[in-house]
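Each chain is listed here by its residues.
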Amino acid sequence: MHEGVWLTILGLFGLLTIAVIMLPISRPARIPYTVFLAIIGILLGFGLGFLQARNFGIISDLFHAFGSFALTSEIIFFIFLPALVFESALAIDVRRLFADIGPIMFLAVAGLLISAFMVGGAVWASSAMPFVVCLLLGAILSATDPVAVVAIFKDLGAPKRLAVLVEGESLFNDATAIVLFNILAAMILSQADTTVLGGISDFLVVFSGGVLVGLVMARMFTWIISHVQKIALVEVTLTISLAYLSFLIAEHYLHVSGVMATVTAALVMGSYGRTSISSGGWHLLKETWENLGFWANSLIFVLVGMAVPEIMSFMSMDLATVLGVALFTAFLARGILTHLLLPIMSKLHLSVPVSNGFRTVMWWGGLRGAVSLALALAIYENTAFPVEVREFIVVLVCGFVLFTLFINAPTVGVVMRLFDLDKLSPSDLAIRNRAIGRVLQSIAANVPAFAANHRIDDEVANSVVDTYQERFEANHALRSAEDQLSQEDWMKIGLLAALGQERRGYLDHYASGHITPAIARELLSINDEMLDQTKANGVQGWKTSHHRCLLFNRQFHFALQMQRRIGFGRPLRNHVANRFERLRTIRMVALEVRDSLVEEIEGLVEKPIVERLIGLVEKRINQTETAVAAIRLQYPAYAKDLEQRYLERCAIRQERASYKQMQDEAIIGGEVYSSLEDELDMRYEKLSVQPVLDLGLAPIDLVAKVPLFSSLTDDQRLSLAKLLRPELSIPDEKIISKGDAGDCMYFVSSGALSVEIEPEAIIIGTGGFVGEMALVNEEPRSANVRSIGFSDLLTLHKRDFVTFLEINTVLKDVIESVASERTQSNFSS
């Protein structure tokens, strides 16, 4: 066997074994895992020479293999960074990220530039290096590292918003650092004569180019994933390919930010891709990426530590002084950003306010790690740079990284505790205490029966029950936090719990194949908005967002106008079908939530609160049912087809579960079960094809539905159909506005319109018409007219009115007679 292969394998898995064993050791010591790994790496680095020179069998071979690992910038960038960045970004809540995008982008772009110039200027004043070299060092040192930051914050269990702020900045600001790094490196090597405008242009190209590459590749991969028959192993493997290919194509081929490409791809996969991957695939994906991130994180910090002894051998007193200046200036610059400029941005309403505690942790928690070291190694490995520049950069960067790892990282938790950021909010604490009380009481009640079933002595059972009773009483004494909560606070808690159940219900319906990925994304978006509004405004926010989800959005109105103005009805057809599917699912899930709400939150909130919650959910169900009924009434055949397919799919799922149970109980064998499963798959696949909604807006068909036109010949109806334009009106839509100039009239092919006059509105049903008075009498509109539900209308414009009356004298007489009667009866009043 070739020595290089087995030695590499020995070293890789030996190093991984040592690294992962450190996790259970570091926890009792209360040392951040990444810091502990760096210490182990440094110890290994010091011990390499001694153990390689002696023959200790496999131990010497192992350390010889460790010594063969040369940590280079390319290894960090192309092997470790894509996995670490993708895993970190995949776990970020995209809604929270965009909610705080203002402060994140300010720190990641403007903040990094300010810090780079301040650090570069201070180092230039305290060293003999040219200003451009010092500025290059400032750019490297100003990039907070997503690898180090994410690892530390996971260990600390930081508040979600704080984690998003710090992790989001760390993931984005490397693009700024790398662009500035490349520009300055080229200037040092005299390969470019860059201006300020040129630098800004380069930054925009690299940053936005990386975003675009990540977006395009992520959408392409999500499309592929949605067509691989929900095979979990294939889905997860494709996400791994996406992480590395997006980074490689962006960085190596297109020369844009590979990290931004990978970050964007992960954010898209974590949001849009959630409804492209099967439920089993998503669970496997999360576990796989957690493992990949853990392995990469474990190895990178050990390797960084192993490189420290060699790099720091170049340290001198002069460089130590410069390092001290760089550290002081870097923290001063970051303090100005977090405690001076961010509050100013908040006061100017340019960003969401960030608390003083959060800003302090952001200041102290700006760790440096693999990214900074990779950029320094890229200089150190490039022999085109002068030796003194290479040593100057790599030593100072390594010293800075070690300081943040060994000083900042272990004390971030202390800073969080100073501002009580490690404590639960009063509402969370109240829920925690009630949840504990509910569980303890339940266990104390169930232990005697469990003991009796297993023939355990009553004395032992009573002892366990007494323990739980004591814990319950102690917990009850701690529930003083509940006194701080008002009824509205408890309502908010209950509504958030109900919305959490709704979200789970939507994902279950998607996993079962009852809704399409597009509908699932819409429902999750609605759920996200309701969560945000409820958190911000309580019950009123919940009501507002619920009402908004029943309205017709801008896209629907745009599709409506396309059908009316140019006769293109496909987008409108899709929107109506999606609306029915979306509202039907909201209603079904709301029914499920209502039925389980009492059981789920019993003991967590008081009975009057539960009753109010159920009342709100009931109102949501009823209002949604009204909206569903409007579509069902207009398109009964389509609604019946959809609901029948849904029931048949549910029946197939129950049938599959029954066969699976029979196989588990050995009633049927594996071959029989496989045969039955194949048959079920075929039936289910046929039912998965969505029926096509026919809006029924063909002019000739609508004309045939109007009794007024029944006396016309086929030729007359055909001529009439050419003059009339079909329209679909939506519930509560204003068709005619009082006082407007009349330019058309409407025939009701199906549905109903309400003419709003005093003392009581008049309903114009199928076969009726409105708007003729303005055409006959050439007067302004005399009343508002609204569509009661969905209605199919035939519109006759003023320019075609005379031609229309000439088709048949009977039509002319009827319309003029009705117009006269309505005028004489003071129709407008």
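## Here's the deal with the nonpolar core
Now for step 1: Counting residues in hydrophobic clusters, the biggest one holds 140 residues, and the most contacted among them are L71, F86, I300, F392 and I393.
Now for step 2: When sequence neighbours within four positions are dropped, the list of residues in contact with I393 reads V133, L136, L137, I140, A376 and I379.
Now for step 3: Counting residues in hydrophobic clusters, the runner-up holds 80 residues, among them V628, I730, L794 and I815.

## A closer look at unusual backbone geometry
Now for step 1: The phi dihedral of H255 falls on the positive side, at around 55°, and the residue is not glycine.
Now for step 2: Considering the arrangement of structural elements, one finds H255 in the loop between α11 (232-253) and α12 (258-271).

## Notes on the packing of helix α9 (residues 160-188) against helix α15 (residues 356-364)
Now for step 1: Contact geometry for α9 and α15: axes closest at 10 Å, N-to-C directions at 40°. As summarised for this structure, α9 and α15 are arranged oblique, according to the angle between their axes. Like other packed secondary-structure pairs, α9 and α15 cross with a definite hand, here right-handed. For the pair α9 and α15, the contacting residues are R161, L162, L165 and V166 in the first and F358, V361 and M362 in the second.
Now for step 2: Split into classes, the residues belonging to the contact of α9 with α15 amount to six nonpolar, no polar and one charged.

## Focus on the packing of aromatic side chains
Now for step 1: Scanning the entire structure with this criterion turns up 15 aromatic pairs.
Now for step 2: Here the aromatic residues F331, W363, W364, F400 and F403 are joined through ring pairs into a cluster of three or more.
Now for step 3: Positioned above the aromatic ring of Y646 is the side chain of R584, whose terminal nitrogen or guanidinium carbon lies 5.3 Å from the ring centre.

## Remarks on the pairing of strand β3 (residues 744-750)
Now for step 1: The element β3 is largely enclosed, with a buried count of seven among its seven residues.
Now for step 2: Bridge analysis of β3 against strand β8 (residues 791-797) gives six bridges, and the strand direction is antiparallel. Bridge pairing links F747 to L794 in β8.
Now for step 3: Pairing geometry for β3 and strand β6 (residues 769-770), over two bridges, is antiparallel. Considered in β6, the bridge of Y746 is made with V770.

## Some words on the environment of L299
Now for step 1: Among the secondary structure elements, L299 is positioned in helix α13 (residues 279-312).
Now for step 2: For L299, a relative accessible area of 11% corresponds to the buried category.
Now for step 3: Expressed as a C-alpha distance, the spacing of L299 and E655, which sit 356 residues apart in the sequence, is 48 Å.
Now for step 4: Leaving out residues up to four positions away in the same chain, L299 has contacts with L12, L15, L16 and F80.

## Observations regarding the packing of helix α4 (residues 73-90) against α13
Relative orientation and spacing of two packed helices are given, respectively, by the angle between their axes and the distance between those axes.
Now for step 1: Two elements in contact, α4 and α13, have axes whose closest approach is 9 Å; the angle formed by their N-to-C orientations is 135°. Judged by the angle between their axes, α4 and α13 are oblique. Considering only the axes of α4 and α13, their crossing is left-handed. Within the contact between the two elements, α4 uses I76, F80, A83, L84, F86, E87 and L90 and α13 uses L285, W289, E290, G293, A296, N297, L299, I300 and L303.
Now for step 2: Taken together, the residues of the contact of α4 with α13 break down into 12 nonpolar, two polar and two charged.

## Some points on the sheet that holds strand β4 (residues 753-756)
Now for step 1: Strands sit in the order β2-β7-β4-β5 across an open sheet of four strands; the sheet is antiparallel. The outermost strands of the open sheet, each flanked by one partner alone, are β2 (734-736) and β5 (762-764). Adjacent strand axes in the sheet meet at a mean angle of 35°, parallel and antiparallel pairs treated alike.
Now for step 2: As paired elements, β4 and β5 share three bridges and run antiparallel to each other. By the bridge assignment for β5, S754 is matched with I763.

## Thoughts on the pairing of β4
Now for step 1: Hairpin geometry of β4 and β5 is characterised by an intervening segment of five residues between the two adjacent antiparallel strands.
Now for step 2: With four bridges connecting them, β4 and strand β7 (residues 784-787) associate as antiparallel partners. From the neighbouring strand, L753 faces β7, where its bridge partner is S787.

## A closer look at the sheet that holds β6
Now for step 1: A sheet is described by the order of its strands in space; here four strands give the open sequence β1-β8-β3-β6, paired in antiparallel fashion. Both outer strands of the open sheet, β1 (725-729) and β6, are each paired with one neighbouring strand and no more.

## Here we look at the pattern of salt bridges
Now for step 1: Evaluated as defined, the whole model comprises 22 salt bridges.
Now for step 2: Residues R612 and E488 are paired through a salt bridge, measuring 3.4 Å at the closest nitrogen-oxygen approach. Residue R612 is found in helix α24 (residues 607-634), and its partner E488 is found in helix α20 (residues 487-511); the two are separated by 124 residues along the sequence.
Now for step 3: Using a relative accessible area of 40% as the deciding quantity, one classes E488 as partly exposed.
Now for step 4: Among the ionic pairs, R548 bridges to E529, the shortest N-O distance being 2.3 Å.
Now for step 5: The exposure class assigned to E529 is partly exposed, which follows from its relative accessible area of 31%.

## Comments concerning the environment of F106
Now for step 1: By the element assignment, F106 lies in helix α6 (residues 101-126).
Now for step 2: Expressed as a C-alpha distance, the spacing of F106 and G399, which sit 293 residues apart in the sequence, is 27 Å.
Now for step 3: When residues no more than four places from it in sequence are discounted, the contact partners of F106 are G111, L337, L341, L342 and M345.

## Examining the confidence of the model for the chain
Now for step 1: Overall, the predicted model of the chain reaches an average pLDDT of 83, with 93% of residues at or above 70.
Now for step 2: Confidence, expressed as mean pLDDT per element, reaches its minimum in the chain at helix α8 (residues 146-156) with 62 and its maximum at α11 with 93.

## Considering α11
Now for step 1: Its 22 residues give α11 an end-to-end C-alpha distance of 30 Å, which sits within 8% of 32 Å, the value for a rise of 1.5 Å per residue.
Now for step 2: Those residues of α11 that fall on the buried side of the exposure criterion are E235, V236, L238, T239, L242, A243, S246, F247 and A250. The buried residues of α11 occupy an angular sector of 155° when the element is viewed end-on, so they sit on one face. Counted as exposed and oriented over 90 degrees from the buried face of α11: L233 and Y253.
Now for step 3: Immediately downstream of α11, the backbone of H255 shows phi near 55°, a positive value.

Parameters and conventions
- Residues numbered from 1 in each chain as written.
- Predicted model: local features only at pLDDT ≥ 70, side-chain atom pairs only at ≥ 80, totals over all residues.
- Heavy atoms only, no water.
- Core = buried A, V, L, I, M, F, W, Y, C linked by side-chain atoms within 4.5 Å.
- Buried < 20%, exposed > 50% of the residue type's maximum accessible area, 1.4 Å probe, protein only.
- Contact = heavy atoms within 4.5 Å.
- Helix = DSSP H or I, 4+ residues; strand = E, 2+ residues; numbered from the N terminus.
- Axes fitted to C-alpha atoms, helices over the stretch in contact; angles between N-to-C directions.
- Parallel < 35°, antiparallel > 145°, perpendicular 65-115°, else oblique.
- Left-handed = near helix turned anticlockwise from the far one by under 90°.
- Nonpolar A, V, L, I, M, F, W, Y, C, P; charged D, E, K, R; others polar.
- Phe/Tyr/Trp six-rings, centres within 6.5 Å; stacked < 30°, edge-to-face > 60°.
- Lys NZ or Arg CZ within 6 Å of the ring centre and 35° of its normal.
- Pairing = 2+ DSSP bridges.
- Salt bridge = Lys/Arg side-chain N within 4 Å of Asp/Glu carboxyl O.
- pLDDT = per-residue confidence, 0-100.
- Expected span 1.5 Å × (residues − 1).
- Arc of directions from axis to C-beta.

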